[in-house]
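The residues making up each chain are set out below.
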Amino acid sequence: MTEAFDPASLSQSWPKPSKPRPIVTFGAGSIVGDAHFPAYRKGGFPISGLYDPDQAKAQKLAETWGVTAFRSVEEAAAVKDAIFDLATPPGRHADVLKALPDGAVGEATEILEICRAKRLKAAVNFQLRFAPMMLALKDAVAKGWLGEVVDFDALLALDTPWQLWEFLLKAPRVEIAMHSIHYLDLIRQLLGDPLGVHAKTLGHPNHKVAQTRTSAILDYGDTVRCALSINHDHKFGRRHQACEFRICGTEGAAYVKLGLNLDYPRGEPDILEIH
Ligand SMILES: NC(=O)c1ccc[n+]([C@@H]2O[C@H](COP(=O)([O-])OP(=O)(O)OC[C@H]3O[C@@H](n4cnc5c(N)ncnc54)[C@H](O)[C@@H]3O)[C@@H](O)[C@H]2O)c1
């Protein structure tokens, strides 16, 4: 049964852990200073410290946040009962994982094998599905406000500053593996696994990043239409740029604007509207 339409009643948060554990971060790059540490602080999670082979960078970030800059991987890995937070370039994850203690908590297969062998409880940071507005969207769908969801459209036309990530400039798989993977994860949370996927991902003649544009159709059978149209090479002014989802049901619809991507990493406000 559909509940009364009251947007303020939508859930926008995730339950907190009953016993928060100290967080030890590997990497002192932009994602840690711009996203991980601000979010941990805001959420009240204890940050123990961080390690980065670039000691000056680690020290600077540690001072800003009043946490420890560990001098070695071993020192960081020795923190008891920690949550290890890997914010390193993908090619470095395996080495960091190998240095972690057994049972404490390359490539995807190698990472999985190390986690299994060490009995690590590992999570990949697919944070979009936990974003407050996505939790609210999920709640609105669960409350039946949209009726049966029959349409999911993602439209991106923006100018993503790939040059911020040096390691991406040489990576063989970029757009889907580093960016749209968050949309695919969110869509799977809302609609489940598709029956199939038709997709093409490609680069752009103006630069050397392996792929920055993707078209994808996710096959959810004969009732649900799901499409992603993604172009990170729209450098032609803010007016016609977009980073938005339209989710339509049989009874209602939602519109989502992902403000962060439109001016990364400063961002514009997000928008969730429900009809
Ligand atoms: N989930 C998301 O939305 C999202 C967004 C941005 C970045 N990322 C991911 O986060 C990771 C880091 O991205 P970033 O933007 O901070 O990159 P960055 O290039 O700004 O920083 C990476 C840092 O890792 C350090 N590093 C390299 N090897 C290390 C090691 N063995 N131990 C500890 N530190 C090491 C480097 O010195 C550098 O300071 C990447 O895997 C990236 O794909 C995810």
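The model shown is predicted, which means the values in this text are computed figures rather than measured ones.

1. Considering the domain arrangement of the chain
Segmentation of the chain into domains returns domain 1 (23-117) and domain 2 (128-274). The straight-line distance from the C-alpha centre of domain 1 to that of domain 2 is 28 Å. Across the boundary between the two partners, domain 1 contributes six residues, which contact six residues of domain 2. In this assembly, domain 1 packs against domain 2 so that about 380 Å² is buried in total across both faces, 62% of it on carbon and sulfur atoms.

2. A closer look at the side chain of threonine 88
Within the element layout of this structure, threonine 88 appears in the loop between strand 4 (83-86) and helix 4 (93-99). The class of threonine 88 is buried, set by a relative accessible area of 16%. For threonine 88, the side chain forms a polar contact with the side chain of histidine 93, separated by 2.8 Å. The residues contacting threonine 88, other than those within four sequence positions of it, are Phe26, Gly27, His93 and Val96.

3. Points about the side chain of glutamate 244
You can see glutamate 244 is positioned in strand 9 (residues 242-249). Excluding its chain neighbours within four sequence positions, the residues that come into contact with glutamate 244 are Asp153, Ala154, Leu155, Tyr255, Val256 and Lys257.

4. Section: the sheet that holds strand 10 (residues 253-257)
Sheet architecture is open: seven strands sit in the order 6-7-8-5-9-10-11, paired in mixed fashion. Two strands close off the open sheet at either side, each with one partner strand: strand 6 (196-202) and strand 11 (271-274). On average, adjacent strands in this sheet sit at an angle of 5° to one another, irrespective of strand direction. Both strand 10 and strand 11 contribute to a ladder of four bridges, which runs antiparallel. Each residue of the ladder has a partner; that of valine 256, found in strand 11, is leucine 272. Strand contacts of helix 6 (residues 132-142): strand 5 (149-157), strand 9, strand 10 and strand 11, with the helix running at about 15° to strand 11, the strand carrying the most contacts.

5. Concerning the packing of aromatic side chains
Overall, the coordinates contain ten aromatic pairs when judged by the stated rule. Residues tryptophan 14 and phenylalanine 130 carry aromatic rings whose centres are separated by 4.7 Å and whose planes lie at 75° to one another, so their mutual orientation is edge-to-face. When the ring of tyrosine 183 is compared with that of phenylalanine 245, the centres are 5.2 Å apart and the planes differ by 80°; the resulting orientation is edge-to-face. Within this pair, whereas tyrosine 183 is found in helix 7 (residues 175-191), its partner phenylalanine 245 is found in strand 9, the two being separated by 62 residues in sequence. The exposure classification of tyrosine 183 matches that of phenylalanine 245, with both residues buried. Grouping aromatic residues by their ring pairs yields a cluster made of Phe26, Tyr51 and Phe84.

6. Observations concerning the nonpolar core
The biggest cluster of nonpolar side chains holds 33 residues, and the ones touching the most others in it are Met134, Phe152, Tyr183, Leu228, Phe245, Ile247 and Leu258. Ranked by residues supplied to this core, first place goes to helix 6 with five residues. Apart from the residues lying within four places of it in its own chain, the contact partners of phenylalanine 245 are Leu128, Met134, Phe152, Asp153, Ala154, Tyr183, Leu186, Ala254, Tyr255, Val256 and Leu258. Val24, Phe84, Ala94 and Leu100 belong to the second largest nonpolar core, which has 16 residues in total.

7. Overview of the site of the ligand
The environment of the ligand is formed by 22 residues, the closest being Asp52, Lys57, Thr88, Gln127 and Trp165. Here an oxygen atom of the ligand and a side-chain polar atom of aspartate 52 are 2.6 Å apart. The backbone of threonine 88 places a nitrogen or oxygen atom 2.7 Å from an oxygen atom of the ligand. Elements with a contribution of two residues or more to the shell around the ligand: helix 1 (30-43) and helix 7. A per-class count over the shell around the ligand returns twelve nonpolar, seven polar and three charged. Two domains each donate at least three residues to the shell around the ligand, and these are domain 1 (23-117) and domain 2 (128-274).

8. Details of unusual backbone geometry
The omega torsion across tyrosine 264 and proline 265 is 0°, close enough to zero to call that bond cis. Looking at the secondary structure, you find proline 265 in the loop between helix 8 (259-262) and strand 11. Unlike most non-glycine residues, aspartate 81 shows phi in positive territory, near 60°. Take aspartate 81: it is sitting in the loop between helix 3 (73-77) and strand 4. Although it is not a glycine, arginine 119 adopts a positive phi angle of roughly 50°. Here arginine 119 is to be found in the loop between helix 5 (108-117) and helix 6.

Calculation criteria
- Residues numbered from 1 in each chain as written.
- Predicted model: local features only at pLDDT ≥ 70, side-chain atom pairs only at ≥ 80, totals over all residues.
- Heavy atoms only, no water.
- Domains from an automatic or database assignment.
- Contact = heavy atoms within 4.5 Å.
- Buried area = accessible area lost by both parts, 1.4 Å probe.
- Helix = DSSP H or I, 4+ residues; strand = E, 2+ residues; numbered from the N terminus.
- Buried < 20%, exposed > 50% of the residue type's maximum accessible area, 1.4 Å probe, protein only.
- Polar contact = N/O pair within 3.5 Å; in protein donor to acceptor, adjacent residues only side chain to side chain.
- Pairing = 2+ DSSP bridges.
- Axes fitted to C-alpha atoms, helices over the stretch in contact; angles between N-to-C directions.
- Phe/Tyr/Trp six-rings, centres within 6.5 Å; stacked < 30°, edge-to-face > 60°.
- Core = buried A, V, L, I, M, F, W, Y, C linked by side-chain atoms within 4.5 Å.
- Near = heavy atom within 4 Å.
- Nonpolar A, V, L, I, M, F, W, Y, C, P; charged D, E, K, R; others polar.

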